[in-house]
Amino acid sequence: MRQSVAPNRISHAASLASQANNATATSRLLEKKKEFEAVAALERASALFLKRIEGLADDCEVMADAGQVHGQVLEQWPLMFQSLSLFLNSREQHLSDPSDATVPLTGERLVRVPLDELQADASK
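Each value, and the rule that gives it
- Residues numbered from 1 in each chain as written.
- Predicted model: local features only at pLDDT ≥ 70, side-chain atom pairs only at ≥ 80, totals over all residues.
- Heavy atoms only, no water.
- Helix = DSSP H or I, 4+ residues; strand = E, 2+ residues; numbered from the N terminus.
- Buried < 20%, exposed > 50% of the residue type's maximum accessible area, 1.4 Å probe, protein only.
- Areas by Shrake-Rupley, 256 points an atom, 1.4 Å probe, with all protein chains shown as cover.
- Patch = residues over 30% accessible without salt bridge, like charges linked within 9 Å, V, L, I, M, F, W, Y side chains within 5 Å.
- Salt bridge = Lys/Arg side-chain N within 4 Å of Asp/Glu carboxyl O.
- Lys, Arg positive; Asp, Glu negative; His and termini not counted.
- Charge placed at Lys NZ, Arg CZ, Asp CG, Glu CD.
- Phe/Tyr/Trp six-rings, centres within 6.5 Å; stacked < 30°, edge-to-face > 60°.

### Points about the overall build of the chain
Step number 1: Along its length, the chain carries two helices and zero strands.
Step number 2: The buried share among the 124 residues of the chain stands at 1%.
Step number 3: Working note: accessible area of the chain is about 11800 Å², and carbon and sulfur atoms make up 61% of it.

### Points about a negative patch on the surface
Step number 1: Residues Glu54, Asp58, Asp59, Glu61 and Asp65 make up a contiguous surface patch of negative charge.
Step number 2: In this structure, glutamate 61 sits in helix α1 (residues 6-96).
Step number 3: In this structure glutamate 61 comes out as exposed when scored by relative accessible area, which is 52%.

### Let's talk about a nonpolar patch on the surface
Step number 1: A contiguous nonpolar patch, built from Val69, Val73, Leu74, Trp77, Met80, Phe81, Leu84 and Leu88 and spanning about 770 Å² of accessible area, is present on the exposed surface.
Step number 2: Note that phenylalanine 81 resides in helix α1.

### Focus on the pattern of salt bridges
Step number 1: Tallying each qualifying case throughout the model produces one salt bridge.
Step number 2: One salt bridge connects glutamate 35 with lysine 32, and the closest N-O pair in it is separated by 3.8 Å. Of this pair, glutamate 35 and lysine 32 both sit in helix α1, three residues apart, roughly one helical turn.

### Structural notes on the packing of aromatic side chains
Step number 1: Under the defined criterion, the tally for this structure stands at one aromatic pair.
Step number 2: On the numbers, 5.6 Å between centres and 35° between planes, the contact of tryptophan 77 with phenylalanine 81 is tilted. Taken together, the positions of tryptophan 77 and phenylalanine 81, both in helix α1 and four residues apart, correspond to about one turn of that helix.
Step number 3: Overall, tryptophan 77 belongs to the partly exposed group, its relative accessible area being 42%.

Structure, rendered in structure tokens:
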């Protein structure tokens with residue numbers, strides 16, 4: 001007697017369905033892998049962008065500090081010109097009146113520098 005092929009056909013149909021499900025799962029897995037790789041690439045790009053922006057922020061802080069220093073230097077120039085003018089006026093007076101030989105011609109004088117005020121201004 002010959003065996004029936006019906007049970008084999010059912011298992012063959014189940015095998016085909018299993019292969020179809022397997023192919024669908026594989027395609028979904030590939031899609032998810034691509035999606036994960038895209039998200040990972042976006043995360044790497046974002047991290048690189050963050051580093052660049054932080055570098056720019058550091059450069060801006062350095063430039064801001066340099067701007068403050070330049071402003072402080074420029075603030076001192078009028079005082080420098082005033083001091084130079086006073087020295088030149090005293091030299092002209094010394095040249096016109098040579099009887100006063102006690103004042104040195106080189107412009108060397110003792111000057112009191114208000115350190116407390118300078119340190120208070122620097123702390124602001």
